[in-house]
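An overview of the molecular structure
What follows is each chain in one-letter form.
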Amino acid sequence: MKFGKEFRSQMVPEWQEAYMHYDYLKTLLKDIQRFKQRTRPTATPDGLNRNLTLYRAFSGLTHWQRHNPVNPSSASDIASQPILVNSVSNNGGHSYQTAFLMSADEGGEYELVYFRRLDDEFNKVDKFYKSKVQEVLKEAAILNKQMEAVIAFRVKVENPPASYFDRTNNEKNNMKKKVEKRKEPIQMKAARARPPPLEILDRVKINNTIETPRSTIKSVLRVPQQTELKFSRENLRMVEDQLKQVFVEFYQKLRLLKSYCFLNTLAFSKIMKKYDKIASRNASKSYMKMVDSSYLGSSDEVSKLMERVEATFIKHFSNSNRSKGMNILRPKAKKERHGTTFYMGFFAGCTAALIIALIFIVRTHDILHKEGRKQYMDNMLPLYSLFAYIVLHMLMYAANIYYWRRFRVNYSFIFGFKQGTELGYRQVLLVGFGISVLALLTVIGNLDMEIDPLSKDYDGLTEYLPLILVLVLLVALLFPFNIFYRSSRFFFLVCLFHCIAAPLYKVTLPDFFLADQFTSQVQALRSLEFYICYYGWGDVRHRTNYCSKSTVFNTFNFIVAVIPYMSRFLQCLRRLFEEKDPMHGYNGIKYFLTIIAVCMRTALSLDGGKGWEVLAWTFSVLAAIFGTYWDLVFDWGLLNRHSKNRWLRDKLLVPEKSVYFIAMILNVLLRFAWIQTVVKFDFNFMHRNTLIATTACLEIIRRGIWSFFRLENEHLNNVGKFRAFKSVQLPFSYDEDEDKDL
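In this text the structure is predicted, and so the values were computed from the model without any measurement. (Residues numbered from 1 in each chain as written. Predicted model: local features only at pLDDT ≥ 70, side-chain atom pairs only at ≥ 80, totals over all residues. Heavy atoms only, no water.)

**Considerations on the overall build of the protein**
The secondary structure content of the protein amounts to 28 helices and 4 strands. For the protein, with 742 residues in total, the buried portion stands at 44%. For the protein, the share of sequence-separated contacts (at least 6 apart) that also reach a separation of at least 24 residues comes to 74%. For the protein, the exposed area adds up to about 40700 Å²; of that, 59% sits on carbon and sulfur atoms. (Helix = DSSP H or I, 4+ residues; strand = E, 2+ residues; numbered from the N terminus. Buried < 20%, exposed > 50% of the residue type's maximum accessible area, 1.4 Å probe, protein only. Contact = heavy atoms within 4.5 Å. Areas by Shrake-Rupley, 256 points an atom, 1.4 Å probe, with all protein chains shown as cover.)

What follows is the structure in structure tokens.
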């Protein structure tokens, strides 16, 4: 792999603008190379070429002697050192400027431009690195105080004998003597060598880190939160676990900073070697000497801080087990397993084979024209379509993961997945195709048992196959043991619970992103409602249901349809209450209009009156227009007239601009797929439930497209603000400190 590609692949995505612009500098070198190729003498025959070469060698020697008769070595030094790099003070800081000594040479203006741009890139990298190092040093000082409080808290809880304090006092005196000899910028080493005095606990309060519905209600009612320290083992475990997570995040930041320093230093070395080769000069040695002496090349604060963090973490959080501690601080990158790829391909092939088999069964037995066709479509299609919605949504999610990785969207950081537990697109496809195989087997089993005269006695069993599969999937989702991607299942369930209890939890991106996904699964929720009605009150053995005649079922048809939109509406209100940003209020209006539109369309489908039709049209059009505009402008960040990419954004991850315009057109068209519920198109070749299922699938596809560009915009916002780390709340707050987040 060429260095340029390797350099880009190892960048921190959110810091990519702060890295040296390697490709741009390469284009400047290509300009120099092209100029030299244009001015190079044309090729001559071998004999003449040899004579001219000898003549030039001799002529050059006499030319050098003629102009430098006194001190020939000085000319050699100048020739070998075509640049001088100076440090220039400006605005309280300093930058580096390169003086190109050969600008009078032919084509020297190209090289002069190259060194100016090179200086700009180096000063940018050096300044960014220095600012980030200063940040981590401040955070280390805060962490040091937190560590002192945790150790004192631990001493208070465990209540060691008096002899322990005598021993620690001796350690304290010894440490003071060592500090006098060598003071470290961050006293984390001292914190791990001895417990701090217990008096420190008089100046700290415990942060309420676990948000619950009860704590939310208390904050709304302005009931004072419990911040006094309670010295219990439960609280000790809580603060230790929290500080442990803070250390892991902090160490990850240090690792990325160290990688940033190394990669950029290597990039400057590589680009200067290319320059020497193209320009036939010897400038890299001088320039890299400056790089090595700069803050970027000479600062060792990050390395020392990493060593102290490792020592502290290993001693206090892994019981002095270095292997265990380093495995937590440096989790191994998840490797793609060949078994996952194999089974994913196997289930994909089985899915294709079963679909073909299903088509042949339907055609061979002419099921579409049999007497029980309508009864089957009325009762069984709503049951089996649930699996189609789930599988399609997973396929769209897998496709998004693939393209997020391809365009280096840091979806794992954005969603807040625990490092090493996020699912790749192969794992998602494996689960999706696995569900599709099970669903298709139940469909074919149902049809086969119904067609075969020998199995007519099993009519009751065939009707229960969809229910059995739903129960199997629910058990797999709630399975507590560490199989079937437990971490991802738990993450999903937590976010789902936050969506259900929307106003009682702080709204994070995974929560409202999942709630948005459910707004495109209204028909799936109605299918679950139909499951309850069909298997609870229907005549299963005779494949008959009375759901449409039930007032309770029709009432829940309204409730189920608005649950996802109500969840998003309440999330918007929570964010408006907390952040005081009116944009969340406008977003809430969008979901409120959608709630009314869905209710009007549901009422129209049940009643069919002219008044309901007018209301359904009015609110559906308003909601569709508002929602489309919000998707394109706020969620995707597009439709910017003054952008350098007209009607798009200034920064785009997908190089083909047409992709964005196609996505916008599809979003508009698929947004208006609800029209079929109002107009009630009647196709002779398509059952009404089939049309509803098709429309629901189109909405899922629209949501999948929306998801990619929504996360792309979020990623670009993080890039613009250089946000590459999670904000983790600290367990303690000091009376004199205002810093609570790392």
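**Some remarks on the packing of aromatic side chains**
A full pass over the atoms with the stated rule returns 52 aromatic pairs. Between Lys130 and the ring centre of Tyr295, over which it is positioned, the NZ or CZ distance is 5.5 Å. The ring of Phe577 has Lys580 lying over it, and the distance from NZ or CZ to the ring centre is 4.9 Å. (Phe/Tyr/Trp six-rings, centres within 6.5 Å; stacked < 30°, edge-to-face > 60°. Lys NZ or Arg CZ within 6 Å of the ring centre and 35° of its normal.)

**Concerning the side chain of Glu712**
Here Glu712 is to be found in helix α28 (residues 688-720). Beyond its immediate chain neighbours, meaning those up to four positions away, Glu712 contacts Arg649, Leu652, Leu653, Val654 and Tyr660.

**As for the environment of Val85**
As for its placement among the helices and strands, Val85 is situated in strand β1 (residues 83-90). Exposure remark for Val85: the relative accessible area of 24% places this residue in the partly exposed category. Sequence separation between Val85 and Val291 is 206 residues; the distance between their C-alpha atoms is 9.9 Å. Discounting residues that sit within four places of it in the chain, Val85 has contacts with Tyr96, Gln97, Thr98, Tyr287 and Met290.

**Focus: helix α22 (residues 522-537)**
Taking 1.5 Å as the rise per residue, α22 with 16 residues should run 22 Å; its terminal C-alpha atoms sit 22 Å apart, in good agreement. Taken together, the buried positions of α22 are Val522, Ala524, Arg526, Ser527, Glu529, Phe530, Tyr531, Cys533, Tyr534 and Tyr535. (Expected span 1.5 Å × (residues − 1).)

**Brief notes about the packing of helix α12 (residues 301-317) against helix α13 (residues 322-329)**
Direction vectors running N to C along α12 and α13 enclose 120°, while the axes themselves pass 9 Å from each other. With respect to α13, the element α12 is oriented oblique. When you trace α12 past α13, the crossing you get is right-handed. For the pair formed by α12 and α13, the contact residues are Glu310, Phe313 and Ile314 on the first element and Arg322, Gly325, Met326, Ile328 and Leu329 on the second. Along the lines of polarity and charge, the residues of the contact of α12 with α13 split into 5 nonpolar, 1 polar and 2 charged. (Axes fitted to C-alpha atoms, helices over the stretch in contact; angles between N-to-C directions. Parallel < 35°, antiparallel > 145°, perpendicular 65-115°, else oblique. Left-handed = near helix turned anticlockwise from the far one by under 90°. Nonpolar A, V, L, I, M, F, W, Y, C, P; charged D, E, K, R; others polar.)

**So, the pattern of salt bridges**
A complete count under the given rule lists 24 salt bridges for this structure. For Glu578, the salt bridge goes to Lys506, with nearest N and O atoms at 3.6 Å. Of this pair, Glu578 sits in helix α23 (residues 551-579) while Lys506 is found in the loop between α20 (486-500) and α21 (509-518), placing the two residues 72 residues apart along the sequence. Overall, the relative accessible area of 45% leaves Lys506 in the partly exposed class. Salt-bridge contacts for Arg710 lead to Glu714; the nearest nitrogen and oxygen are separated by 3.2 Å. Taken together, the positions of Arg710 and Glu714, both in helix α28 and 4 residues apart, correspond to about one turn of that helix. Of the two residues, Arg710 and Glu714, both sit in the buried class. Each of Asp631, Arg671, Glu699 and Arg702 takes part in salt bridges that share partners, so that together they form one network. (Salt bridge = Lys/Arg side-chain N within 4 Å of Asp/Glu carboxyl O.)

**What to know about the state of the cysteines**
Following the criterion strictly, the structure yields 1 disulfide and no others. Each sulfur of the disulfide joining Cys533 and Cys547 lies 2.0 Å from the other. Of note, the bridge from Cys533 to Cys547 carries an S-S torsion of about -120° and is left-handed in sense. On the criterion of sequence distance, the pair formed by Cys533 in helix α22 and Cys547 in the loop between α22 and α23 is long-range, its members being 14 residues apart. Classification of Cys533 by relative accessible area gives buried; the value is 7%. (Disulfide = S-S within 2.5 Å.)

**Digging into the side chain of Asp276**
For Asp276, the location among the structural elements is in helix α9 (residues 233-279). For the buried Asp276, which has no salt bridge, the nearest side chain bearing the opposite charge is Arg281, at an N-O separation of 7.7 Å. Once residues lying within four places of it in the same chain are set aside, the contact partners of Asp276 are Arg281, Asn282, Ala283 and Ser284. (Lys, Arg positive; Asp, Glu negative; His and termini not counted.)

**As for the environment of Phe317**
With respect to the helices and strands, the residue Phe317 is situated in helix α12. Residue Phe317 is classed as buried on the basis of its relative accessible area of 11%. Residues Phe317 and Glu240, 77 residues apart in the sequence, show an inter-C-alpha distance of 7.8 Å. Contacts of Phe317, omitting those with residues within four sequence positions, involve Met147, Glu240, Leu243, Lys244, Phe247 and Thr312.

**Things to note about helix α14 (residues 338-364)**
In an α-helix, one turn spans 3.6 residues, which is why side chains three or four residues apart end up on the same side. The end-to-end C-alpha distance of α14, which contains 27 residues, comes to 39 Å, matching closely the 39 Å that a straight helix rising 1.5 Å per residue would cover. Of all the positions in α14, only Thr340, Met344, Thr351, Leu354, Leu358 and Val362 are classed as buried. Once α14 finishes, Asp366 follows within two positions and takes phi at roughly 50°, a positive value.

**Some details on the nonpolar core**
Membership of the largest hydrophobic core comes to 83 residues, with the highest contact counts inside it found for Tyr114 and Tyr275. Sort the elements by how many residues they give to this core and helix α5 (residues 108-158) lands first, with 21 residues. Tyr275 has contacts with Leu29, Ile32, Phe100, Glu111, Tyr114, Phe115, Ser280, Arg281 and Ala283, leaving out every residue within four places of it along the chain. Counting residues in hydrophobic clusters, the runner-up holds 39 residues, among them Phe407, Val428, Leu429 and Trp636. (Core = buried A, V, L, I, M, F, W, Y, C linked by side-chain atoms within 4.5 Å.)

**Overview of the environment of Val728**
By the secondary structure assignment, Val728 is in the loop between α28 and β4 (732-734). For Val728 and Phe250, which are 478 residues apart along the polypeptide, the C-alpha to C-alpha distance reads 9.5 Å.

**Overview of the packing of helix α16 (residues 381-406) against α28**
Running from N to C, α16 and α28 cross one another at 20°; their axes reach a closest spacing of 9 Å. The angle between α16 and α28 falls in the class roughly parallel. Along this stretch, α16 crosses α28, giving a crossing that reads as right-handed. Looking at the contact of α16 with α28, its residues break down into 15 nonpolar, 6 polar and 1 charged.

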